[in-house]
Structures are given as C-alpha cells and as structure tokens.
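# Structural overview
If you want the building blocks of each chain, they are given just below.
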Amino acid sequence: MRCYSQEILDKIKEYKKPTKKIFALVEKYEKVAIFAHFSPDFDAFGSQFGLGVYLKNHYPNKNIKIIGQSLTLLNGELYPYMDEVSDSWFEDPFVAIIVDTATLERVSDNRYTKAKALIKIDHHPNVEPYGDICFVDVTSVAVTEMIAVMLLADGRTISRDIATYLFSGIVGDSGRFKYASTTSLTFGIAEVLTSLGVDLSYVYTRLYVQDLDDLRCIGYILNNFKITKNGFAYYVIDDKTLKKLNITADRAKENVNIFSDIRGIKIWASITERVDTNEWRVSIRSAEKPINEFAQKWRGGGHVQASGASLVNREEIDIFVQEMDDYIGS
Ligand code: AMP
C-alpha cells in the first residue's frame, strides 16, 4: 500500500463523498457518455480519457462513449480518437458526465440533452451550476487533478494509460507547472501519477510538438502584434490569413503565450476569426489582474488568469481593445 502525503490524504477525504455519489449514479446506468467543451484542450481530453478509460477498465459490461471534437495533432497520438456515435445510441437511458465545461452552451455535442442523469465535474468558477450532481472545485488547477484525486478516493487500479492522460491535463492547465493556480497538491498528484509509469518525454513531445506552419504563424504574429499604452498585447488573425498560413484557428491561438514573461505586457490575447461560428474568438491571458469577469462581459468566461471571449465583428475588436486598455489602467 502506497503512502500519500497528508495533503493528498486530506484531499482524498474531502472528495470521498462526491466521488461515491458520482460512482453510485454511474452504476445505475448501462450506458455512460462523457462530454467536454468546444476547442478541447489537454485538460478536456485528459479528463475525458482518464475517467473514461478508468470506467471502461472497471465496468467492462457498460457501454461507455467518449464524445467530442478530435484534433489532428493530438487524437491518434497522445489520446485515442473520440468515439463516433450515431443518434440512435442516445435513445436508451444513459448518464452524461460533462467535464471541464462551466456552462452548458459550451458542451461540444448537444446530445447530452437526451441524458436521464447529468453530472458536472469542473474547476471553473461555478457560474452555472447544472446537473443532478454538480462537483466543482475552483481550487483545483485542472479537472484532471480532480479526477486523479477521485480515482485515488475510489481506490481501484489506475493504469499507466490513465495516469498519462491525467498527467497531460495537469501539465496543460498548469502551463507546465507555472501558472499561479499550480499548488503543492498539483506537484503531489503529479508525483503520484508519475510513479504509475508516466513517460515524461513521451508526453511532452506529443503535447508541445509543432509544425513548420506553426513557426510561420509565430513569424506572422511577431510581425503584426499590437501593444496598447497600458500593456495589452494582442494579435488578430482573420480567416484569409489563417488559410494563407495553412493553420487552424485553434492552433493559431495556441501561440498566445509568446507574450508571457515580457516586461511591460500585463495582459495579452489572441483574436482569431471563426467563419464557421461567425465570430472572433479571443483567448486572454494575464500576468496578475483578474480577467474572468472582464471576459464574461464579452460572451465568455474562464479563470482568473486565462479566459476566453467572443466578438461579433471588427468594430467590436476595437472597442474590446480600448476597454481592456482602460481596465489595465484603472
Ligand atoms: P482558451 O483561451 O480557449 O484556451 O480558454 C481559456 C479558459 O477560458 C479555459 O478554461 C476555457 O474553458 C475558458 N473559456 C474560454 N472561452 C470561454 C467562454 N466563451 N465561456 C466560458 N469560458 C470560456
């Protein structure tokens, strides 16, 4: 039997009750579907596959589906492909687990609405409590960290694959253990997962591998970014430019952290055009000042130092930039 630090033991104790409730509800259904948000990130994938594979391993007779968008550079590499599920699958009773998604409108597949029972597991501010069970821990750096603790509380075997999925999400949402939301518990859980056989170089090369097109995109950003007088740095990439750079909007936004650690830049953002949803998606990051409430005013939300928002046209971009600059100066 492994010994855990007092901090991990306390967290396991805190999670015991909600974990029991979640597993009891899951056990009532033969079918289970696990959902996450649009533009999935490492924490979304890691949570879905970490929890999903654990359930598949320990409930081999259940019909468990992991549902959402696949990303070319990640699925089939670090993570399996998402399950392709026909509409008829959702006609039988099933329980839906939604991870890492603060609001229902952000769930990437709306067939969760057919579920007989709903479970929310999240670490964002609980602006929209939903579900028959709503388990939210805003002190947690990542949902994968929460799920790791839940699985330790449940007590059954955590395979190396599961540990790898969970570790990848923690790395992603903690910015490789750098963001202020990283705690001593994060390191403790990372140590537990690593001891289960996570191959660090396997994970890091797959999480952060880039193409030459990414490099060209970075070149474009460095040549075209703007900075306001109070220290808001941002870049705008429209659809035409994305095509020219041969890059998706999701990849282009990933470069937003080019501006972290630059003296004088207090808040930074990527603004990328999404023709499919007819919007300009903003990914905002901040060194210190909270940005989640600011993002909420612009059809978004998120964490204190990492949030997302949505703008409807170019005119709104100018207003957004001006208001952000005023906010930094206030
Ligand atoms: P992103 O910039 O897309 O990487 O998102 C940063 C953080 O903000 C993530 O935790 C997202 O889940 C959250 N977020 C992004 N967009 C939205 C939105 N429209 N509403 C609420 N939260 C969001």
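Here's what I pulled together on the structure shown here. (Residues numbered from 1 in each chain as written. Predicted model: local features only at pLDDT ≥ 70, side-chain atom pairs only at ≥ 80, totals over all residues. Heavy atoms only, no water.)

Attention now moves to the environment of Arg-111. Within the element layout of this structure, Arg-111 appears in the loop between strand S3 (94-99) and strand S4 (117-122). Exposure remark for Arg-111: the relative accessible area of 18% places this residue in the buried category. Taking the C-alpha atoms as reference, Arg-111 lies 7.3 Å from Phe-90; in sequence the two are 21 residues apart. Ignoring any residue separated from it by four or fewer positions in sequence, one finds Arg-111 in contact with Phe-35, Val-85, Ser-86, Asp-87, Phe-90 and Phe-94. Within the structure, the side chain of Arg-111 is placed 2.8 Å from the backbone oxygen of Val-85, a separation counted as a polar contact. (Helix = DSSP H or I, 4+ residues; strand = E, 2+ residues; numbered from the N terminus. Buried < 20%, exposed > 50% of the residue type's maximum accessible area, 1.4 Å probe, protein only. Contact = heavy atoms within 4.5 Å. Polar contact = N/O pair within 3.5 Å; in protein donor to acceptor, adjacent residues only side chain to side chain.)

This brings us to the sheet that holds strand S1 (residues 31-35). Pairing is parallel in the open sheet, where five strands are placed in the order S2-S1-S3-S4-S5. The sheet is open, and its two borders are formed by strand S2 (63-66) and strand S5 (133-136), each paired with just one other strand. Geometrically, the sheet is characterised by an average inter-axis angle of 15° between neighbouring strands, direction not taken into account. One ladder, built from five bridges, connects S1 with S3; its direction is parallel. Among the inter-strand pairings, Ile-34 is bridged to a residue of S3, identified as Ile-97. Against the sheet, helix H2 (residues 42-58) engages S1, S2, S3 and S4, with an angle of about 170° to S2. (Pairing = 2+ DSSP bridges. Axes fitted to C-alpha atoms, helices over the stretch in contact; angles between N-to-C directions.)

With that out of the way, let us pick up the site of the ligand. Neighbouring the ligand are 14 residues; His-124, Lys-253, Arg-281, Ser-283 and Arg-285 lie closest to it. His-124 places a polar side-chain atom, nitrogen or oxygen, 2.7 Å from an oxygen atom of the ligand. Here Gly-308 contributes a backbone N or O atom positioned 3.4 Å from an oxygen atom of the ligand. In isolation the ligand offers 480 Å² of accessible surface; the protein chains occlude 89% of this area. For the shell around the ligand, the secondary-structure elements that each account for two or more residues are strand S9 (279-286), strand S10 (301-302) and strand S11 (306-311). Across the shell around the ligand, the residue classes break down as one nonpolar, eight polar and five charged. (Near = heavy atom within 4 Å. Areas by Shrake-Rupley, 256 points an atom, 1.4 Å probe, with all protein chains shown as cover. Nonpolar A, V, L, I, M, F, W, Y, C, P; charged D, E, K, R; others polar.)

Looking at where Lys-11 falls in the secondary structure, it is placed in helix H1 (residues 6-27). The buried category is assigned to Lys-11, whose relative accessible area is 12%. For Lys-11, the side chain forms a polar contact with the side chain of Asp-137, separated by 2.9 Å. Beyond its immediate stretch of four places on either side in the chain, Lys-11 contacts Asp-137, Thr-139, Val-149 and Leu-185.

Purely spatial values, then, with no claim about function.
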